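Breakdown of the fold
Read off the chains here:
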Amino acid sequence: MKDARIVAFGRTVRELRTAKGITQEAFAHTSGLDRSYFGHIERGSKNVTLRMIYQIADGLGMTVVELLQAVQDNQEKHDRKI
């Protein structure tokens, strides 16, 4: 069973990325991440390192704090729907 926090992180990153109109491939390239590995992150099937969190936040034009707050808010919103 997947960790709900990792799933929420990936779901939030995907929502933020798509809201900016950036493709997964373009985002991975500009963030210095492997596209297929980044896909696993967005699907919540791979845990991320602190370095990756910084790379993702930078790619989204956010601070790490803003990104993690968005993840927490997204998880709480999702949990209320269940």
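First, a word on scope: everything that follows refers to the structure included in this document. In this text, all values refer to a predicted model and were calculated from it rather than measured experimentally. For every chain, the first residue of the written sequence is number 1, and numbering continues from 1 along that sequence. With pLDDT at 70 or above as the cut-off, local features in this predicted model cover only qualifying residues; side-chain atom pairs require 80 or more to be listed or tallied, and sums for whole chains, interfaces and linings still use all residues. Note that the side-chain values use all heavy atoms of the structure and ignore hydrogens as well as water.

On to the packing of helix H1 (residues 4-19) against helix H5 (residues 64-81). Only the stretch in contact is used when a helix axis is fitted, and all axes are lines through C-alpha atoms; the angle between N-to-C directions ranges over 0 to 180 degrees. The helix and strand labels rest on DSSP assignments: H or I over at least four residues marks a helix, E over at least two residues marks a strand, and numbering proceeds from the N terminus. Where H1 contacts H5, the axes come no closer than 9 Å and their chain directions differ by 110 degrees. Of the possible angle classes, the one that applies to H1 and H5 is roughly perpendicular. Here Ala-4, Arg-5, Ala-8, Phe-9, Arg-11, Thr-12, Val-13, Glu-15 and Leu-16 of H1 come into contact with H5, specifically with Leu-67, Leu-68, Ala-70, Val-71, Asn-74, Gln-75 and His-78. For classification purposes, angles smaller than 35 degrees are called roughly parallel, those larger than 145 roughly antiparallel, those between 65 and 115 roughly perpendicular, and all remaining angles oblique. Any pair of residues with heavy atoms lying within 4.5 Å of one another is described as a contacting pair.

Relative to the elements of secondary structure, Phe-27 occurs in helix H2 (residues 24-31). Along the primary structure Phe-27 and Thr-49 are separated by 22 residues, whereas in three dimensions their C-alpha atoms are 17 Å apart. Those residues in contact with Phe-27 that lie beyond four places of it in its chain are Arg-17, Ile-22, Phe-38, Ile-56, Gly-59 and Leu-60.

Attention now moves to the pattern of salt bridges. One speaks of a salt bridge when a side-chain nitrogen belonging to Lys or Arg is within 4 Å of a carboxyl oxygen belonging to Asp or Glu. Tallied over the full model, the rule gives three salt bridges. The partner of Arg-5 in a salt bridge is Asp-3, and the shortest N-O contact between them spans 2.8 Å. Burial classification: accessible surface area is computed with a 1.4 Å probe over protein chains only, and a residue below 20% of its type maximum counts as buried, one above 50% as exposed, and the rest as partly exposed. Assessed through its relative accessible area of 57%, Arg-5 is described here as exposed. Using a relative accessible area of 30% as the deciding quantity, one classes Asp-3 as partly exposed.

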